[in-house]
Amino acid sequence: MATIAPEKTVDTVSQLETIKEEIKTKHVELLHLQFVDIEGTLKQVTVTAEQLDDVVEGKTMFDGSSITGFTPINKSDLYLLPDLNSFAVLPWTEESDYSEARFLCSVTNPDGSLFEGDPRNILKKTIDKAKEKGFSVNVGPELEFFLFEADEKGQPTQQVHDQGGYFEPAPYDLGERVRLEIYKTLKKMGFTIEASHHEVAQGQHEINFKFDDALTTADNATTFKWVVKTVAQQFGLRATFMPKPVFGENGNGMHVNMSLFDEKAGKNAFYDESDSRELSATAYSFIAGLLHHVPSFVAFTNPLVNSYKRLVPGYEAPCYIAWSASNRSALVRIPATRGAGTRVEIRCPDPSANPYYAYASIAAAGIDGVEKSLQAPVETVDDIFSMSDEEREERGIENLPTTLGESIQALKAGAIGKKVLGDYALNEYLSLKQDEWDSYRIAVTEWELDRYQAKF
């Protein structure tokens, strides 16, 4: 059965004409149709630019049974429906008479309906539910990454690219030139870059792009990781968003800044100038929702075995469930900006997360707090890392899950996973993560051999 073509409005027709003109002007010959699997890994199928009209009508078919977490082999046919807003010519392919471009796509069933296992569709569903309650969701992430030297086979080594520290310039920051090229590439693809700098650990970097609506931001985070890796490879380096690639050093975080916009009132729903912290009741309930549900969604925001080796005391990553207006040792922090820029920052996520699942689960948890008028606990202004276990217990400050195994159990027991993903996608995700945890749990590591083999 053919897919049902998307509705053609005056705006989409005009947008398509603009895309056709850019394809002609920049001599685009190939179109990469991109989507993500349930882990957020970017996938693509490539067609010729002559097939644009069929592409736009969602007629490009692929085998869903070959994609992690998608369809069984007896129901394998799926289709790609491109988002015209995501069209971008790829700067590294541009020549005088040749270039390539991409679309980010949603996945549809043969009858044209949205495929329930597609992470992009899952985030869309969460956004639609927020709109029903009068809110639009804005997200601004901060993705950190490491640059490593490559070996003779082009594989990453454990040798970081420089010995620079936080905010250090050249000559200590050898990644400056790489970040500049990433900036130029992203800018050509439509990004607005706000800041770029060396991070705390040697070889670690951060480039921040402007916040946007949740879907656009998830698309941008996916594109960002792809571009960073692609540009790094051009310099003979390997970029990684692995949460904790170097023992004894800070890990890679993806702090997520989120705000709700009250569409009826036409203003930021988190701002209230009459409050002592200039936060609204909606903001406090959103914070409460995050703190209440975070154990059950951390399997989305911190999805790897390695994620929990970052979430330990001493490396700036939060591991305790608390909030503060400014305290960076707390899980949830409120950056100083007020007015239209008032936002809530959750600091546990890392950039290995599938951004569509991560942003959907964070938004759903916070909005659930708003719906139920949950009350935020007392703000924690003291350094949580310096507190004793007894002091944290007295204050009611609990730990995040400390392993992927614990987070899987919390996901199963909580309500957010099913609410956001639905039964089908959640079961696929749980199966994948349980297999990952079991594989790690029974593996015999070099640490164990070094410690036990000779001794026992």
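Relevant structure appears above.
Source: prediction; values computed, not measured.

Enquirer: Quick question: what am I supposed to make of the overall build of the protein chain here?
Expert: What the protein chain contains, in helices and strands, is 11 helices and 19 strands. In summary, the protein chain has a C-alpha radius of gyration of 23 Å against a globular reference of 23 Å for 456 residues, a match within 12%. Summarising its shape, the C-alpha atoms of the protein chain cover approximately 65 × 60 × 50 Å along the three principal directions. Burial status across the protein chain gives 53% buried among its 456 residues. When contacts within the protein chain are restricted to residue pairs at least 6 apart in sequence, those whose partners lie at least 24 apart make up 70%. Carbon and sulfur atoms provide 50% of the accessible area of the protein chain, an area that totals close to 20800 Å². Of the side-chain charges in the protein chain, 45 are positive and 70 negative, and the distance between the mean point of each set is 1 Å.

Enquirer: Any chance you could explain the pattern of salt bridges here in plain terms?
Expert: As a working rule, side chains carrying opposite charge can pair if their charged atoms are close by. In total, this model carries 22 salt bridges according to the counting rule given. Between Asp173 and Arg179 there is a salt bridge, and its shortest N-O distance comes to 2.8 Å. With respect to burial, Asp173 and Arg179 carry one shared label: buried. Look at the salt bridges and you will find they share partners, linking Lys133, Asp368, Glu371, Lys372 and Lys419 into a network.

Enquirer: Honestly, unusual backbone geometry in this entry has me stumped. Any pointers?
Expert: For residues other than glycine, phi is negative in most cases, and the peptide bonds are mostly trans. At the junction of Ala170 and Pro171, the peptide bond is cis and its omega measures out at 10° in the coordinates. Unlike most non-glycine residues, Phe167 shows phi in positive territory, near 65°. Along the chain, the position of Phe167 falls in the loop between β8 (156–160) and α4 (176–188). A residue is classified by how much of its surface remains accessible, and Phe167, at 53% relative accessible area, is exposed. The residue Glu278 is not glycine, and still its phi comes out positive at about 60°. Relative to the helices and strands, Glu278 resides in the loop between β14 (267–268) and α6 (281–301).

Enquirer: Can you help me understand the packing of helix α3 (residues 119–132) against helix α7 (residues 355–371) in this one?
Expert: The geometry of α3 relative to α7 is characterised by a closest axis approach of 9 Å and an angle of 20° between their N-to-C directions. Overall, the two elements α3 and α7 adopt an arrangement that is roughly parallel. Taken as a pair, α3 and α7 cross one another with a handedness that is left-handed. Between α3 and α7, the residues in contact are Pro119, Arg120, Ile122, Leu123, Thr126 and Ala130 and Tyr356, Tyr357, Tyr359, Ala360, Ala363, Ala364 and Ile367, respectively. Of the residues in the contact of α3 with α7, the class split is 11 nonpolar, 1 polar and 1 charged.

Enquirer: How should I be thinking about the packing of α6 against helix α10 (residues 416–442) in this particular structure?
Expert: Each pair of packed helices can be described by the angle between their axes along with the distance between the axes. Here α6 crosses α10 at 35°, and the two axes come no closer than 12 Å. As for the relative orientation of α6 and α10, their crossing is left-handed in sense. Residue-level inspection shows His293, Ser296, Phe297, Ala299 and Phe300 of α6 in contact with α10, the latter providing Ile416, Gly417, Leu421, Leu426 and Tyr429. Here the residues of the contact of α6 with α10 are counted per class, giving 7 nonpolar, 3 polar and no charged.

Enquirer: What is the right way to look at the nonpolar core in this model?
Expert: One recurring pattern in soluble globular proteins: nonpolar side chains tend to sit buried together. Membership of the largest hydrophobic core comes to 114 residues, with the highest contact counts inside it found for Leu31 and Phe224. Setting aside residues no more than four positions away along its own chain, Leu31 makes contact with Ile23, Val45, Thr46, Val47, Thr48, Ala49, Leu52, Phe87, Ala101 and Phe103. Membership of the second largest hydrophobic core comes to 7 residues, among which are Tyr320, Ala322, Ile384 and Ile397.

Enquirer: Just to check I follow, could you spell out the side chain of Glu142 for this structure?
Expert: Positionally, Glu142 belongs in strand β7 (residues 135–150). At a separation of 3.1 Å, a polar atom in the side chain of Glu142 contacts the side chain of Asn257. Residues contacting Glu142, with those up to four places away along its chain left out, are Glu206, Asn208, Gly253, Met254, His255, Asn257 and Glu345.

Enquirer: I tried to follow helix α5 (residues 214–234) on my own but got confused; where do I start?
Expert: Structural remark: α-helix, 3.6 residues per turn; residues separated by three or four positions point the same way. The end-to-end C-alpha distance of α5 is 30 Å, a good match for the 30 Å that 21 residues give at a rise of 1.5 Å each. Burial analysis of α5 places 17 of its 21 residues in the buried class, the great majority of the element. At the C-terminal side of α5, Gly236 shows a positive phi close to 75°.

Enquirer: Just checking my understanding: could you explain the pairing of strand β2 (residues 42–48) for this structure?
Expert: Successive residues of a regular strand alternate their side chains across the two faces of the sheet. Pairing of strand β1 (residues 28–36) with β2, which is carried by 7 bridges, proceeds in the antiparallel orientation. Opposite His32, over in β2, you have Thr46 as the bridge partner. With antiparallel pairing between neighbouring strands as the criterion, β1 and β2 make up a hairpin whose turn holds 5 residues, including Gly40 at a positive phi of roughly 85°.

Enquirer: Teacher, can you tell me more about the pairing of strand β3 (residues 60–63) here?
Expert: Burial along β3 is one-sided: the face carrying Thr60 and Phe62 is buried and the face carrying Met61 and Asp63 is not. Here 4 bridges tie β3 to strand β4 (residues 77–82), and the two strands are oriented antiparallel to one another. Looking across to β4, one finds that Met61 is bridged to Tyr79.

Enquirer: Would you take a moment to explain the packing of aromatic side chains for this structure?
Expert: To describe a pair of aromatic rings, one takes the distance between the centres and the angle between the planes. Following the criterion strictly, the structure yields 22 aromatic pairs and no others. When the ring of Phe300 is compared with that of Tyr429, the centres are 5.0 Å apart and the planes differ by 55°; the resulting orientation is tilted. Of this pair, Phe300 sits in helix α6 while Tyr429 sits in helix α10; the two residues are 129 residues apart in sequence, bridging distant segments of the chain. Tyr429 carries the same exposure label as Phe300, and that label is buried. Both rings, one in Tyr357 and one in Tyr429, keep their centres 5.6 Å apart while their planes meet at 80°; by these two values the pair is edge-to-face. Taken as a pair, Tyr357 in helix α7 and Tyr429 in helix α10 lie far apart in primary sequence, 72 residues in all.

Basis of the calculations
- Residues numbered from 1 in each chain as written.
- Predicted model: local features only at pLDDT ≥ 70, side-chain atom pairs only at ≥ 80, totals over all residues.
- Heavy atoms only, no water.
- Helix = DSSP H or I, 4+ residues; strand = E, 2+ residues; numbered from the N terminus.
- Rg over C-alpha atoms; globule rule 2.2 N^0.38 Å.
- Buried < 20%, exposed > 50% of the residue type's maximum accessible area, 1.4 Å probe, protein only.
- Contact = heavy atoms within 4.5 Å.
- Areas by Shrake-Rupley, 256 points an atom, 1.4 Å probe, with all protein chains shown as cover.
- Lys, Arg positive; Asp, Glu negative; His and termini not counted.
- Charge placed at Lys NZ, Arg CZ, Asp CG, Glu CD.
- Salt bridge = Lys/Arg side-chain N within 4 Å of Asp/Glu carboxyl O.
- Axes fitted to C-alpha atoms, helices over the stretch in contact; angles between N-to-C directions.
- Parallel < 35°, antiparallel > 145°, perpendicular 65-115°, else oblique.
- Left-handed = near helix turned anticlockwise from the far one by under 90°.
- Nonpolar A, V, L, I, M, F, W, Y, C, P; charged D, E, K, R; others polar.
- Core = buried A, V, L, I, M, F, W, Y, C linked by side-chain atoms within 4.5 Å.
- Polar contact = N/O pair within 3.5 Å; in protein donor to acceptor, adjacent residues only side chain to side chain.
- Expected span 1.5 Å × (residues − 1).
- Pairing = 2+ DSSP bridges.
- Phe/Tyr/Trp six-rings, centres within 6.5 Å; stacked < 30°, edge-to-face > 60°.

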